[in-house]
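One letter stands for each residue in the lines below.
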Amino acid sequence: MTKIKTAGLPLSEAKKAAILIHGRGASAESILSLSQYLNLDDYALLAPEANDGSWYPYSFMAPDEANHSALEKSLESIKEVWNQVIDAGISPENVVFIGFSQGACLSLEFAAQNAQKLGGVIAFTGGLIGEEIQVQKYSGEFEGTQVFIGSSEQDMHVPLSRIKESETLLSRMGAKVKLLIFKDSNHTIREEEIDWVNRNIL
């Protein structure tokens, strides 16, 4: 059973939901604090928590077998949260995924493996997971879903080349992808990213 922290509107009252996925070494509570900066007042907010603060043990581009069992469990955890939202009567096009770093990678991965018309996918520094991108893992059609990926052009964890590869695949699956790439080398969420997301997705 996944530990899920909630905030915002109760699921029973909300028409929209955001699933927020934290980064390595962080917590559900820390990612929920983003709601102070994002336009999420009319959303139910759900944040699953990873065991020991990590969704998978190695880099998101490590050999696939290294992360396989932890990644499968983590994707099941996200599916559990997704089912909770859908079972509450909220339609997929009113569900937004928001993640940072490891959580951004997991957000993109879950969305691409289950592509459909969503409220949006917001990936603050992330890309699709795997030593190589394996196209056969992904199915469905995003039907114009907005996908945002913001990052440094020289991030220490997420290479720009993987972000661009992810953009190509997601676009091919019908997503409308926006990249905001910054010159600094900071592994962080920038004000410009928050502003763009608030204006265009939330």
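Note that this is a predicted model, so its numbers are computed, not measured.

A.B. asks: Please set out the overall build of the protein residue by residue, giving values where relevant.
C.D. replies: Looking only at helices and strands, one finds five helices and seven strands in the protein. Along the protein, from the amino end to the carboxyl end, the secondary structure elements read β-β-α-β-α-β-α-β-β-α-β-α. Taking 2.2 N^0.38 as the reference for a compact globule, 202 residues should give roughly 17 Å; the C-alpha atoms of the protein span a radius of gyration of 15 Å, in line with that estimate. Dimensions along the principal axes, computed over C-alpha positions, put the protein at roughly 40 × 35 × 30 Å. In the protein, which comprises 202 residues, the share counted as buried stands at 50%. Side-chain charges in the protein split into 17 positive and 27 negative, and the spacing between the mean points of these groups amounts to 3 Å.

A.B. asks: Quick one: what's the story with the environment of Asn51, residue by residue and with numbers?
C.D. replies: Along the polypeptide, Asn51 turns up in the loop between β3 (43–49) and α2 (64–87). The exposure class assigned to Asn51 is exposed, which follows from its relative accessible area of 64%.

A.B. asks: Break down the environment of Tyr37 for me, citing the residues and quoting the values.
C.D. replies: Within the secondary structure, Tyr37 is located in the loop between α1 (28–32) and β3. Exposure remark for Tyr37: the relative accessible area of 52% places this residue in the exposed category. The sequence separation of Tyr37 and Thr188 amounts to 151 residues, and the corresponding C-alpha distance is 14 Å. Leaving out residues up to four positions away in the same chain, Tyr37 has contacts with Ile194 and Asn198.

A.B. asks: How would you explain helix α5 (residues 191–200) if you had to name every residue and give the values?
C.D. replies: Every buried residue of α5 is listed here: Glu193, Ile194, Trp196, Val197 and Asn198. Of the surrounding secondary structure, the elements contacted by the buried residues of α5 are β5 (120–124), β6 (146–152) and β7 (176–182).

A.B. asks: Provide a residue-level description of the side chain of Arg190, including the pertinent values.
C.D. replies: Residue placement: Arg190 occurs in the loop between β7 and α5. A polar contact is formed between the side chain of Arg190 and the backbone oxygen of Thr188, at a distance of 3.4 Å.

A.B. asks: Quick one: what's the story with the pattern of salt bridges, residue by residue and with numbers?
C.D. replies: Within the structure shown, the criterion is met by eight salt bridges. Among the salt bridges present, the one from Arg162 reaches Glu165, with a minimum N-O distance of 3.5 Å. Note that Arg162 and Glu165 are positioned in helix α4 (residues 160–172) at a spacing of three residues, about one turn of the helix. Among the ionic pairs, Glu193 bridges to Arg190, the shortest N-O distance being 2.8 Å. With respect to class, Glu193 is no different from Arg190; both count as buried. Residues joined in a network through salt bridges with shared partners are Asp184, Arg190 and Glu193.

A.B. asks: I'd like a rundown of the sheet that holds strand β2 (residues 16–21), residues and numbers included.
C.D. replies: Ordered in space as β1-β3-β2-β4-β5-β6-β7, the seven strands form an open sheet in which the pairing is mixed. Sheet topology places β1 (3–8) and β7 at the edges, where each strand pairs with a single neighbour. Averaged over neighbouring strand pairs, the angle between their axes works out to 15° when direction is ignored. Against the sheet, helix α3 (residues 102–113) makes contact with β2, β4 (95–100), β5 and β6, and its axis sits at roughly 145° relative to β4, the strand it touches most. The strands that α5 touches are β5, β6 and β7; relative to β6, the one it contacts most, it runs at about 175°.

A.B. asks: Which residues make up the packing of α2 against α3, and what values go with them?
C.D. replies: One can describe the packing of α2 onto α3 by two numbers: an axis separation of 11 Å at closest approach and a directional angle of 70°. By the angle between their axes, α2 is roughly perpendicular relative to α3. Contacts from Leu71, Ser74, Leu75, Ile78, Lys79 and Trp82 of α2 reach α3 at Leu106, Glu109, Phe110 and Gln113.

How each quantity is defined
One numbering rule holds for all chains: residues counted from 1, following each sequence as written. Confidence filtering applies because this is a predicted model: local features only for residues at pLDDT of at least 70, side-chain atom pairs given and counted only at 80 or more, and all residues used for totals across whole chains, interfaces and linings. To obtain the side-chain values, all non-hydrogen atoms of the structure were included, while hydrogens and water were left out. Numbered from the N terminus, helices here are DSSP runs of H or I no shorter than four residues, and strands are runs of E no shorter than two. For this measure, only C-alpha atoms enter the radius of gyration; the expected value for a globule follows 2.2 Å times N^0.38, where N is the number of residues. Each residue is assigned to one of three classes by its accessible area relative to the maximum for its type, calculated with a 1.4 Å probe on protein chains only: buried under 20%, partly exposed between the two thresholds, exposed over 50%. The sign given to each residue is positive for Lys and Arg and negative for Asp and Glu; His and the chain ends receive no count. To locate a charge, take atom NZ for lysine, CZ for arginine, CG for aspartate or CD for glutamate. Here, residues are in contact when the closest pair of their heavy atoms is within 4.5 Å. Identification of polar contacts relies on pairs of N or O atoms within 3.5 Å, with a donor-acceptor requirement for protein atoms, meaning one able to donate a hydrogen and the other able to accept it, and with residues adjacent in sequence counted only if both atoms are side-chain atoms. Any carboxyl oxygen of Asp or Glu that lies within 4 Å of a side-chain nitrogen of Lys or Arg is treated as forming a salt bridge with it. One requirement defines pairing of two strands: DSSP has to find at least two bridges between them. Inter-axis angles, ranging from 0 to 180 degrees, are taken between N-to-C directions of lines fitted to C-alpha atoms, where helices are fitted over the stretch in contact. Reported orientations rely on four angle classes, namely roughly parallel under 35 degrees, roughly antiparallel over 145, roughly perpendicular from 65 to 115, and oblique for the rest.

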